[in-house]
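# Structural features, examined
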Amino acid sequence: MTAFLENPLNHLLVAVDGSETVGYIIAYELQRPDREQSMIHLYDITVAKKHRQKGIGTALIEQLKSICSTKPMMKMFVGTNRSNEPAVGLYQKTGAVPSDDTDAVGLTWFF
Ligand SMILES: CC(C)(COP(=O)(O)OP(=O)(O)OC[C@H]1O[C@@H](n2cnc3c(N)ncnc32)[C@H](O)[C@@H]1OP(=O)(O)O)[C@@H](O)C(=O)NCCC(=O)NCCS
């Protein structure tokens, strides 16, 4: 956790209700060698089951967007499945535009 937070390009936003953690976002700021603008990879967002559909996911993403707006930022992106309707709904509600690509495939190297 300390190593993660010491890196200013790593982002962890936590939603709390009193002393209870009810949601979080993990995101990574990605730099490119050929332009000043960076990108944000929204890697994970989760809201605890009993706290869903109360606007917490929206608030977490809006907070991440406000961090983006303080930096030279090209875009923020996330991957999910079309069948994950809560996630797709949340992302679109907060301004993300879905690709119409049906040919895309994700590939992973596991170590
Ligand atoms: C996706 C997730 C983070 C949404 O969090 P949330 O706090 O419930 O989201 P919000 O209350 O801010 O809802 C925002 C929008 O998301 C959509 N949404 C949320 N829950 C939904 C559901 N059960 N069904 C359909 N749409 C839903 C709606 O468009 C909603 O807008 P509305 O309230 O105006 O209808 C939450 O469902 C979750 O943790 N899911 C499991 C983890 C996950 O799949 N994460 C995404 C990985 S890519």
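Residues numbered from 1 in each chain as written. Predicted model: local features only at pLDDT ≥ 70, side-chain atom pairs only at ≥ 80, totals over all residues. Heavy atoms only, no water.

### Topic: the overall build of the chain
Helix and strand counts for the chain come out as three helices and four strands. Traced from its N-terminal end to its C-terminal end, the chain shows the element sequence α-β-β-β-α-β-α. The C-alpha extent of the chain, read off along each of the three principal axes, is 45 × 35 × 35 Å. A buried classification covers 28% of the 111 residues belonging to the chain. The contacts of the chain with a sequence gap of at least 6 include a subset with a gap of at least 24, amounting to 45%. The distance from the centre of the 11 positive side-chain charges to the centre of the 12 negative ones in the chain is 5 Å. (Helix = DSSP H or I, 4+ residues; strand = E, 2+ residues; numbered from the N terminus. Buried < 20%, exposed > 50% of the residue type's maximum accessible area, 1.4 Å probe, protein only. Contact = heavy atoms within 4.5 Å. Lys, Arg positive; Asp, Glu negative; His and termini not counted. Charge placed at Lys NZ, Arg CZ, Asp CG, Glu CD.)

### A closer look at the sheet that holds strand β2 (residues 20-30)
Taking strand neighbours across the sheet as the criterion, the four strands line up as β1-β2-β3-β4 in an open arrangement whose pairing is mixed. Both edges of this open sheet fall to β1 (10-17) and β4 (73-77), since each of them pairs with a single strand only. Within this sheet the neighbouring strands show an average axis-to-axis angle of 20 degrees, counted without direction. Here β2 pairs with strand β3 (residues 38-47) via eight bridges, running antiparallel. Following the sheet pairing, Ile26 is matched in β3 by Asp44. Sheet strands touched by helix α2 (residues 56-68): β1, β2, β3 and β4. Its angle to β3, the strand with the most contacts, is close to 160 degrees. (Pairing = 2+ DSSP bridges. Axes fitted to C-alpha atoms, helices over the stretch in contact; angles between N-to-C directions.)

### What to know about α2
Helix length check: α2, at 13 residues, gives a terminal C-alpha distance of 19 Å against a target of 18 Å (1.5 Å per residue), a fit within 8%. Structurally, α2 contributes buried residues whose contacts are with β1, β2, β3, β4 and α3 (85-93). (Expected span 1.5 Å × (residues − 1).)

### Brief notes about the environment of Pro72
Looking at where Pro72 falls in the secondary structure, it is placed in the loop between α2 and β4. For the pair Pro72 and Ile56, spaced 16 residues apart in sequence, the C-alpha to C-alpha distance is 26 Å. The residues contacting Pro72, other than those within four sequence positions of it, are Glu36, Gln37 and Ser38.

### Examining the site of the ligand
Lining the immediate surroundings of the ligand are 20 residues, of which Val47, Gln53, Gly55, Gly57 and Thr58 lie closest. Arg52 has a polar side-chain atom sitting 3.4 Å from an oxygen atom of the ligand. At a separation of 2.9 Å, an oxygen atom of the ligand approaches a polar side-chain atom of Asn84. Applying the majority rule of atoms within 2 Å of the grid points places the ligand in the second largest pocket. Sorting the residues of the shell around the ligand by element identifies β3, α2 and α3 as the ones contributing at least two each. Looking at which element gives the most residues to the shell around the ligand, the answer is α3, with seven residues. Classifying every residue of the shell around the ligand by side-chain character gives seven nonpolar, nine polar and four charged. (Near = heavy atom within 4 Å. Polar contact = N/O pair within 3.5 Å; in protein donor to acceptor, adjacent residues only side chain to side chain. 1 Å grid on protein atoms, 1.4 Å probe; cavity = no way out; pocket = protein on both sides within 12 Å on 5 of 7 lines; lining within 4 Å. Sits in = over half its atoms within 2 Å of the grid points. Nonpolar A, V, L, I, M, F, W, Y, C, P; charged D, E, K, R; others polar.)

From the geometry alone we can't say anything about function, so treat these as descriptive.
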